[in-house]
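Each chain, letter by letter, is given below.
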Amino acid sequence: EPEVTQTPSHQVTQMGQEVILRCVPISNHLYFYWYRQILGQKVEFLVSFYNNEISEKSEIFDDQFSVERPDGSNFTLKIRSTKLEDSAMYFCASSEDSYGYTFGSGTRLTVV
Amino acid sequence: QKEVEQDPGPLSVPEGAIVSLNCTYSNSAFQYFMWYRQYSRKGPELLMYTYSSGNKEDGRFTAQVDKSSKYISLFIRDSQPSDSATYLCAMEDNAGNMLTFGGGTRLMVKP
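Residues numbered from 1 in each chain as written. Chains lettered and ligands numbered in written order. Predicted model: local features only at pLDDT ≥ 70, side-chain atom pairs only at ≥ 80, totals over all residues. Heavy atoms only, no water.

Engineer: I'd like to hear about the overall build of chain B, residue by residue, with values.
Structural biologist: Of regular secondary structure, chain B possesses zero helices and eleven strands. Counting helices and strands in the order they occur from the N terminus, chain B gives β-β-β-β-β-β-β-β-β-β-β. For chain B, the spread of C-alpha atoms along the principal axes amounts to about 40 × 30 × 25 Å. Relative to its full complement of 111 residues, chain B shows a buried share of 44%. For chain B, restricting intrachain contacts to residue pairs at least 6 apart in sequence, the fraction spanning at least 24 positions comes to 54%. Put simply, chain B shows about 5,200 Å² of open surface, and 47% of that area lies on carbon and sulfur atoms. (Helix = DSSP H or I, 4+ residues; strand = E, 2+ residues; numbered from the N terminus. Buried < 20%, exposed > 50% of the residue type's maximum accessible area, 1.4 Å probe, protein only. Contact = heavy atoms within 4.5 Å. Areas by Shrake-Rupley, 256 points an atom, 1.4 Å probe, with all protein chains shown as cover.)

Engineer: Describe the interface of chain A and chain B, listing the residues and the values that go with them.
Structural biologist: Chain A puts 19 residues into the contact, and the matching count from chain B is 23 residues. Together, the buried faces of chain A and chain B total about 1,700 Å²; carbon and sulfur atoms form 55% of this surface. In this assembly, chain A and chain B are joined by zero salt bridges. Joining chain A to chain B, the criterion identifies seven residue pairs in polar contact (both at pLDDT 80 or more). Elements with a minimum of two residues in the side of chain A that touches chain B: strand E4 (31–37), strand E5 (43–50), strand E6 (53–57) and strand E9 (88–95) of chain A. When its residues are assigned to classes, the side of chain A that touches chain B shows nine nonpolar, seven polar and three charged. (Buried area = accessible area lost by both parts, 1.4 Å probe. Salt bridge = Lys/Arg side-chain N within 4 Å of Asp/Glu carboxyl O. Polar contact = N/O pair within 3.5 Å; in protein donor to acceptor, adjacent residues only side chain to side chain. Nonpolar A, V, L, I, M, F, W, Y, C, P; charged D, E, K, R; others polar.)

Engineer: Explain the nonpolar core residue by residue, including any values.
Structural biologist: Formed by 24 residues in total, the largest nonpolar core has its most connected members in Trp35, Ile72, Leu74, Ile76, Tyr87 and Met91 of chain B. Looking at this core, the elements that each hand over two or more residues are strand E3 (19–25), strand E4 (32–38), strand E5 (45–51), strand E7 (61–66), strand E8 (71–76), strand E9 (85–92) and strand E11 (105–110) of chain B. In this view, isoleucine 76 of chain B contacts Ala17, Ile18, Val19, Leu21, Arg60, Phe61, Asp83, Tyr87 and Leu107 of chain B; residues no more than four positions away in its chain are not counted. Among the nonpolar cores identified, the runner-up in size contains 21 residues, and Val47, Phe61, Phe65 and Cys92 of chain A belong to it. (Core = buried A, V, L, I, M, F, W, Y, C linked by side-chain atoms within 4.5 Å.)

Engineer: Tell me what's going on with the pattern of salt bridges, and back it up with residues and numbers.
Structural biologist: All names here are of chain B. By the definition in use, this model includes four salt bridges over all chains. A salt bridge links aspartate 83 to arginine 60, with the shortest nitrogen-to-oxygen separation between them at 2.9 Å. Separated by 23 residues along the polypeptide, aspartate 83 in the loop between E8 and E9 and arginine 60 in the loop between strand E6 (54–58) and E7 bring together distant segments of the chain. Given a relative accessible area of 1%, aspartate 83 falls into the buried group. Given the relative accessible area of 26%, arginine 60 is considered partly exposed.

Engineer: Tell me about the side chain of glutamine 38 of chain B, and name the residues and values.
Structural biologist: Summarising the element assignment, glutamine 38 of chain B is placed in strand E4. Side-chain polar atoms of glutamine 38 of chain B contact the side chain of glutamine 37 of chain A, separated by 3.0 Å. Engagement of the side chain of glutamine 38 of chain B in a polar contact is seen with the backbone oxygen of lysine 42 of chain B, the distance being 2.8 Å. Residues in contact with glutamine 38 of chain B, not counting those within four places in the same chain, are Gln37 and Phe91 of chain A together with Gly43, Pro44, Ala85, Thr86 and Leu88 of chain B.

Printed below as a string of structure tokens:
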């Protein structure tokens, strides 16, 4: 069964550093998303991406965050100047039709 | 009022029981309703996906949506220990750009 692949599975970074989280969506999917889940809290929407541009973003997704689809297969989330409160599981998802998403296994980001 | 509310549990049942999981919501714009299963430190896995009101069945799982009451349910028949996980409801409007999740209900099925 096709799956969304995320790397790394766990990233530890120092406060103030930049991190890039990587995702390979399912190949025929056109819609891409990033969500995050702080330990013990709800899964929260960050951003959606379609046709090489952001289609929606949440209040969380401020200037500290950016997304990119650098080639035909990868979808990245960059977090600049990380803060302690950015520690969370970050999930990439993709969808063929903007409904019924497939999520990856996530990247656990720990900011120390 | 929170947009999507879900009893956090934990809900503990014996193997073979029928499980009922529920969510309520406040945003009448939601049209698409999903149930995800999440194992510890893993990504959500889509179980069921329904549009508007009505029922949908898939094997041991039945999803119900009552838009007039803003209430959705997931029923699991003949529950198995492997069903032990956190179940998340999620909803989306017609724009289809983002999911709004409930907080999840932790289910434990005991052999």
